[in-house]
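These are the residues of each chain, in order.
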Amino acid sequence: MSHRITVDTGGTFTDVVVADAEGRLFVGKSPTSERAFEGVRGALEVAAEEMGVDLASLLADTSVFIYSTTRATNAILEGRIARTAMLLTEGFPDVLVLREGGKLHGFDLRTPFPEPYIPRRLTWEVPERIDSEGEVVAALDEAATRRLLESLPGHGIEAVAVCLLWANVNPAHETRIGELIEEILPDVPYTLSHQINPIVREYRRASSAAIDASLKPLMGRHLREIAEDLRAAGFTGELMAATSFGGAMHVEDLSERPIYSVRSGPAMAPVAGRTYATHELGAEDVIVCDTGGTSFDVSLIRDGAISFTRDTWLGPQFTGHLTGSSSVDVRSIGAGGGSIAWVDPGGLLRVGPQSAGAEPGPACYRRGGERPTVTDAAVVLGYIGPDTFLGGRMKLDVEAAREVLGRLAAQLELRLEQAAEAVLAVANEHMVRAIQEITINEGVDPRESLVVAGGGAAGLGIAPIVRELGCEQVLVPRTAGALSATGAQFSDIVAEFTASSFADTGQFDHAGVNAALAGLEAQVEDFAQGLRAKGIGGMHSELFTDARYAYQVWELEVPLPGTRIESAEDLAALSQAFDAVHERVFSVSEPGARIECLTWKARLHAPIGSTVVEALESGNGNGRAAEPARRDVFFEGAWHDTPVHRGGQLPKGAVVQGPAIIEEPTSTLVVPLASRVTVSDLDNYLLEVTR
Amino acid sequence: MSLADHADVQDAAGEERLDPALLAVIANRLDAIVREMTSTLLRAGRSAVINVARDFSCSIVTAEDELLSTAEGLPVHVFGSHLQTAEMRRLHPELREGDAFLDNDPYVGNTHHADHTILVPVFAEGLHLFTAVAKAHQADTGNSLPTTYMPFAADIYEEGAISFPCVHVQRDYQNVEDVMRMCRRRIRVPDQWYGDYLATLGSARTGERRLKELVDKYGVELIQRFVRQWFDYSERRMSHAISELPSVTVVGEGQHDSFGPFPAIPIRVEATIDAEAATVEIDLRDNVDCVPAGLNQSRATAVNNVVTGLFNVLDPDIPHNAGSFRRITVHLRENCVVGVPLHPTCCSMATTNVADRLVNITQSAFEGAGENLGVAQGGSGMSIGNAVISGQDWRTGGPYVNQLFIGNNGGPATAYCDGWVTWTLPVCAGLLYRDSVEIDEQKYPIHMRSLRLLQDSGGAGRFRGAPSAEIVYGPKRDPTSVIYSGDGHETPPTGIHGGLPGAGAHAEKIEHDGSRTPLPPLGQVTLEAGEWVVGVDNGGGGFGDPLEREPERVRHDVLEGWVSPAAARDLYGVAFTGAAQDETLAVDAAATAERRSSLGAARG
């Protein structure tokens, strides 16, 4: 029982990473299939072959399997969720319609207003009301509630979400409705807002409850299925699933709270980034970029800790859906090789937002694409070799790329290659901007951070991107093509517990807060006991509060200096901790000002992740550099005769001066002029640019 | 003129053309700077009007007083910061690094007294290159009543706000403490004001730091060249958009409804499109004189709001800066209610009410330019759901005063889609955040009884106006003052191209015994525990003939409760089989065609 398998099932590809007893990693990739295990098996077979074992014995010899899937995210984005009833406090039926307002562009009157996550026709008002102090203003009308619940099967309801005003302060009415659901609709899964996300702000709580309930039937089925398939294939170890906290939990627990599965794949990328950054360079502030086929994800590690947010949107900001719950902060923009380049009516070169996607795809795919894309530009410049794309599985048509780019160049009155360089520069700029947005919001200076780049297309533009950001180094792991699955190899069990207890440092409610903290501790202990029963030890937990200066409304997450707030010194320490975070994020602070604490959180880590970081195991046995192939590649206005290295052929410690190209089976690293790559002891690429 | 008309590497002025990628990169960088300023102010601001509603804007102006970048700014704040920087230079010819100025003077370039603007001149290599501008609506500005909106004030003396006509607030990066003391004496919530001041200043200083880095990286000469070429590009985009319109003069007429002792204020907007010259001229001179009340426009808002109305009908991708402004001329008259107010005329309400009407009347006037042009009118007015509430909070022992942002005016329908639901006001076009019921109840000692969107309140049309909301709230224990300034109770937002108007607004008080008393559309009411206010806002106007609305959309509207079965039948002419209740509702195509043709015929 010595192997550990991690899987990231994306919309297109399933990535697996297998670690052997020595911590060496093997990567496999295969197309995703409807029955998820089919794709997993395909990818596992690739890895198993490389390891020289068969699939059955690999699975039989695996102690931990961590599964991550986009199934929940895609179900939401594609509207394939359960038919869910939303129960809200009487008088306030439009919580999911009105949301929190906001819109991206003031002068854009052409974007339709989003539909609510749960339609109004499936939303019901429950006669009851609790006020902000937790007092019952109107008792729950049980008879009316019973009648309502009894009517739900007639509406074809498959799940129920409940969010009552101030349930975060006094959950009595929600709890009672939960009991009534179990009595009247025993087979219908449900979610109570105070249990899934007990924070103030009714929209966020309602959205969390709605999303969670709506995923329960689907994710329950899906996770059961994968468990059965794995068992049938001979796996007898511990089956875990990745979560939006960048950690893992047992699949049974995730089935109970499937909202944590949302965007769990992207949340694993920073775990990989943190591990490599620490082991390779001891870096504490890290920007992690993951370039997929159609999206570019950025996340952040600050002082060695992964940044979290409560503003996770599924789909675009303001027109998508806010999960409302705390998760790893991963910003995503639509950008990729398929983004189309065009010239606007003012003569400016633009890239995206329209994309040729995979079908018809870039012109060089020869599948009918007639507009120039980022991939076409990379082909014209020689960054992507026409014969080695996707390990040679797909031939690219250079002439088709030159033709569509040529038309664009004529419009811009530029030479073909200049136009192609400009297209890549504009595309890179979108990514620079995505990185700036997340670092700006956290008060992080990119120049003092290490960039870790993953994803198949990461290497194409990462050098100019980090140069624009003012960074000097970027680490490109050799597992770049499967960054999330790699991250899962190093992930711990992470569980978060939240309690609401409003407290103002001006007249601090010590009793209320300490009771909330004690309650959190009890929940953590309860959860920890469950883990210990499974033989997992070495847990530790941290306490946080979401706090703000009086009159502010957006809270900052602050680690608590102690476990209780008893004395004046404890309170002063809390204030100082808050001032420090505020100063860091906004460059101003106001020591001595009143601070309002809204929610209290406990985050538990149970180390199950590998702490052994070893080199990727593939191909490069003899330690001598093979003679690279060569081709002409265009850099900074001229063609250069450029060596093209095959990934596995570069030994540890090798230094490659730009210009050069390094081709891995699933990714390409472009090393421009005035930059160089060093192959690290762990076989990763450290790219340094000169400013 | 397009880029293709230029010589290979030189533009018309004989200047070397920037690499197209570099142009995009620097433009993006400037946007990023404004976004960082915005993020700083949003998250560090203290008052709800800033950090909940985001009633503030940041911009970058060149040293020649040309507006360069306003990413994410509220439409009502876009135009005018360059007037303020010009005034700053006029009053303080010897600008120095480390200076910061506070301006809220409505007679030169500011919007109204309630918007405190911080101006920070940015230097590089000893040259004043840019001014970073952050403007934020205050919770209180020391008015004679606890509100920043004074509709009935005859002049600025009755209004009572302290005026800061481009006043020095920092020298060498240090506060001018005299000004801090003045504000602390005359503003009702001094700590909150100071927190907001720090956030606004921090925002402008962030802009300063980032602009210096930008110039360091690219050099003064290249950045100046960028600015010229970016303005030229923006102007080309604007020319192109205007040249696609017909050459025509359109006239929009409407009014701000009567308020208190004042009759309605008629408003007339005349816009002339010259497609060949690619210009638009907007004339506001044929309007009444300033009124002895707070509803007058300031110069900045009069221009801004008609320009917003114009931008609303054009491609939203056009940059909104001094380059695109070159193609627009706005004619104003002194002492005109939608013109240039003279001291001591009160402009306390210059950013809402008449301002909202100006946006509405302008955007809907372009109906006259041709099929599918123009935008219907959106809900306007700041009634009960957007009132300023104040009183004493027994929970903290202190006073509170702030504006609620929890009502809902429905947005206007356009040729592209139904109205945006959380529209709030034409001057902010849905950008504002809404309050959470729970946050409001936690921050203020009030209790919300209900908040719901109203059926059939959005104007019918091929595209439908968005619905309005009804809100009911009152104090929990001690009395609460509610000061509000609604509109649209007599003339609700109109539809265009055959679209119908949105529903009208009204306000009521629920007495101890449950009886209802109508409230005036603008006013102040003090509620005791057990008394409630009811506010109903405007629905948005519709676009196009309701009989042309896709029947499936009408079905969806009925299922979702936006449109009643009666309205579906009588206004949209859609016939159904089945029932909404069990979702068997289906469009009866033949009966719908028949009903639509008879409804059409009945109109004549």
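Residues numbered from 1 in each chain as written. Chains lettered and ligands numbered in written order. Predicted model: local features only at pLDDT ≥ 70, side-chain atom pairs only at ≥ 80, totals over all residues.

**Student:** Please provide a residue-by-residue account of the overall build of chain B, values included.
**Tutor:** Across its full length, chain B carries 15 helices and 22 strands. Over its C-alpha atoms chain B spans a radius of gyration of 25 Å, differing by no more than 12% from the 25 Å that the globule rule assigns to 604 residues. Each principal axis of the C-alpha atoms in chain B carries an extent, and together these give about 75 × 65 × 45 Å. Counting contacts in chain B only where the partners sit at least 6 residues apart, residues at least 24 apart contribute 73% of the total. (Helix = DSSP H or I, 4+ residues; strand = E, 2+ residues; numbered from the N terminus. Rg over C-alpha atoms; globule rule 2.2 N^0.38 Å. Contact = placed C-beta atoms within 7 Å.)

**Student:** Can you explain the overall build of chain A? Please cite residues and give values.
**Tutor:** Along chain A, the regular secondary structure elements total 17 helices and 35 strands. Across its three principal directions, the C-alpha atoms of chain A cover 80 × 60 × 60 Å. Within chain A, the proportion of its 691 residues that are buried is 55%. Residue pairs at least 24 apart in sequence account for 66% of intrachain contacts in chain A once pairs closer than 6 positions are excluded. (Buried ≥ 20, exposed ≤ 12 C-beta atoms within 10 Å, placed from the backbone.)

**Student:** Which residues make up unusual backbone geometry, and what are the values?
**Tutor:** All names here are of chain A. In this chain, Gly352 is followed by Pro353 through a cis amide linkage whose omega measures 0°. Relative to the helices and strands, Pro353 resides in strand E22 (residues 349–355). In this model, Gly658 is joined to Pro659 through a cis peptide bond whose omega is 5°. Its place among the elements puts Pro659 in the loop between strand E31 (655–657) and strand E32 (660–663). One non-glycine residue, Arg263, lies in the positive phi region at around 55°.

**Student:** Before we move on, could you go through the confidence of the model for chain A and cite the residues and values that matter?
**Tutor:** Mean pLDDT for chain A: 90, with 96% of residues reaching 70 or above. Predicted confidence is poor over residues 619–623 of chain A, with pLDDT under 50, and the contacts of this stretch with residues over four places away or in other chains come to 6 contacts. (pLDDT = per-residue confidence, 0-100.)

**Student:** Would you mind going over the interface of chain A and chain B in detail, with residue names and values included?
**Tutor:** Taken together, the contacts link 54 residues of chain A with 68 residues of chain B. Residue assignment for the side of chain A that touches chain B shows that the elements contributing at least two residues are helix H4 (95–98), helix H8 (202–232) and helix H13 (416–441) of chain A. No other element matches the 8 residues that H13 of chain A contributes to the side of chain A that touches chain B. Looking at the side of chain A that touches chain B, its residues break down into 28 nonpolar, 12 polar and 14 charged. (Nonpolar A, V, L, I, M, F, W, Y, C, P; charged D, E, K, R; others polar.)

**Student:** Outline the domain arrangement of chain B, supporting the account with residue identities and numerical values.
**Tutor:** It is common to report an interface's size as the accessible area lost on association of the parts. Residue and element names in this part refer to chain B. Examined at the domain level, chain B breaks down into domain 1 (3–234), domain 2 (375–544) and domain 3 (547–603). If you average the C-alpha positions of domain 1 and of domain 2, the two centres end up 31 Å apart. Counting residues at the interface gives 20 residues for domain 1, matched by 18 residues for domain 2. Per-class residue counts for the side of domain 1 that touches domain 2 are 13 nonpolar, 3 polar and 4 charged. (Domains from an automatic or database assignment.)

**Student:** An account of the domain arrangement of chain A is requested, with residue identities and associated values reported.
**Tutor:** Residue and element names in this part refer to chain A. As far as domains go, chain A holds domain 1 (3–76 + 220–261), domain 2 (81–215), domain 3 (339–426) and domain 4 (493–606). Look at where the C-alpha atoms of domain 1 and domain 4 centre, and you get two points 34 Å apart. Contacts between the two partners involve 6 residues from domain 1 and, on the opposite side, 4 residues from domain 4. Here the residues of the side of domain 1 that touches domain 4 sort into 3 nonpolar, 3 polar and no charged.

**Student:** Residue-level account of the packing of helix H12 (residues 398–412) of chain A against H13 of chain A, with values.
**Tutor:** Residue and element names in this part refer to chain A. Where H12 contacts H13, the two axes come as close as 8 Å, and the packing angle between them is 90°. Between H12 and H13, the angle falls in the class roughly perpendicular. Here Arg402, Leu405, Gly406, Leu408, Ala409 and Leu412 of H12 come into contact with H13, specifically with Leu416, Ala419 and Ala420. Tallied by class, residues from the contact of H12 with H13 come to 7 nonpolar, 1 polar and 1 charged. (Axes fitted to C-alpha atoms, helices over the stretch in contact; angles between N-to-C directions. Parallel < 35°, antiparallel > 145°, perpendicular 65-115°, else oblique.)

**Student:** I'd love a proper account of the nonpolar core, names of residues and values included.
**Tutor:** Ranked by internal contacts, the top residues of the largest apolar core, which has 376 residues, are Val160 and Val423 of chain A. The biggest single contributor to this core is helix H1 (residues 20–44) of chain B, with 14 residues. When residues no more than four places from it in sequence are discounted, the contact partners of Val160 of chain A are Thr84, Ala85, Leu87, Leu152, Ile181, Val188, Tyr190 and Ala213 of chain A. Residues Leu500, Leu547, Val558 and Val563 of chain B belong to the second largest nonpolar core, which totals 12 residues. (Core = buried A, V, L, I, M, F, W, Y, C linked by C-beta atoms within 7 Å.)

**Student:** Can you break down helix H13 (residues 551–559) of chain B residue by residue, with the values?
**Tutor:** All names here are of chain B. Within H13, burial applies to Pro551, Val554, Arg555, Asp557 and Val558. Relative to the axis of H13, the buried residues are bounded by an arc of 160° and lie together on one face. Of the surrounding secondary structure, the elements contacted by the buried residues of H13 are helix H14 (565–570), strand E21 (576–577), strand E22 (586–587) and helix H15 (589–603). Gly561 sits one or two residues past H13 and shows a positive phi near 85°. (Arc of directions from axis to C-beta.)

**Student:** Please provide a residue-by-residue account of the packing of H1 of chain B against helix H7 (residues 190–218) of chain B, values included.
**Tutor:** Residues and elements named next belong to chain B. Two numbers describe how H1 lies on H7: the axes approach to 8 Å, and their chain directions differ by 160°. Classified by the interaxial angle, the pair formed by H1 and H7 is roughly antiparallel. Considering the relative orientation of H1 and H7, their crossing is right-handed. Of H7, the residues touching H1 (which contributes Ile26, Arg29, Ile33, Glu36, Met37, Thr40, Leu41 and Ala44) are Ala199, Thr200, Gly202, Ser203, Ala204, Thr206, Gly207, Arg210, Leu211, Leu214 and Tyr218. For the contact of H1 with H7, the residue count by class is 10 nonpolar, 6 polar and 3 charged. (Left-handed = near helix turned anticlockwise from the far one by under 90°.)

**Student:** Which residues make up the sheet that holds strand E10 (residues 279–283) of chain B, and what are the values?
**Tutor:** Residues and elements named next belong to chain B. One open sheet accounts for 4 strands, arranged E8-E9-E10-E11; its pairing is mixed. The open sheet has two edge strands, strand E8 (248–256) and strand E11 (328–331), and neither has a second partner. Across the sheet, the mean angle from the axis of one strand to that of its neighbour is 15°, orientation sign disregarded. Pairing geometry for E8 and strand E9 (residues 265–274), over 9 bridges, is antiparallel. Considered in E9, the bridge of Gly252 is made with Val269. Taken strand by strand, helix H9 (residues 299–313) contacts E9, E10 and E11, and its axis lies near 135° from that of E11. (Pairing = 2+ DSSP bridges.)

**Student:** Tell me about H13 of chain A, and please be specific about residues and values.
**Tutor:** All names here are of chain A. For H13, spanning 26 residues, the distance from its first C-alpha to its last is 38 Å, which sits close to the expected 38 Å at 1.5 Å a residue. Counting buried positions over the 26 residues of H13 gives 22, a clear majority of the element. Phi turns positive, to about 65°, at Gly443, one or two residues after H13. (Expected span 1.5 Å × (residues − 1).)

**Student:** Describe the pairing of strand E1 (residues 3–9) of chain A, and please don't skip the residues or the numbers.
**Tutor:** Residue and element names in this part refer to chain A. By the criterion of burial, E1 is predominantly enclosed, with 7 of the 7 residues buried. The alternating pattern of E1 places His3, Ile5, Val7 and Thr9 and Arg4, Thr6 and Asp8 on opposite faces, both of which are buried. As defined by bridge partners, E1 adjoins strand E4 (residues 62–69) across 7 bridges and the pair is classed as parallel. Bridging from a neighbouring strand, Asp8 pairs with Ser68 of E4. With 6 bridges connecting them, E1 and strand E2 (residues 13–19) associate as antiparallel partners. Looking across to E2, one finds that Thr6 is bridged to Val17. Once E1 ends, the chain turns through 3 residues before running back antiparallel as E2.

**Student:** Let's hear about the environment of Phe463 of chain B: which residues, and what values?
**Tutor:** Residues and elements named next belong to chain B. Secondary-structure assignment places Phe463 in the loop between strand E14 (446–453) and strand E15 (469–475). According to the C-beta neighbour criterion, Phe463 is buried, with 29 such atoms within 10 Å. Sequence-wise, Phe463 and Gly544 are 81 residues apart; in three dimensions their C-alpha atoms are separated by 6.6 Å. Once residues within four sequence positions are removed from consideration, Phe463 is found in contact with Ala413, Thr414, Cys417, Asp418, Gly542, Phe543 and Gly544.

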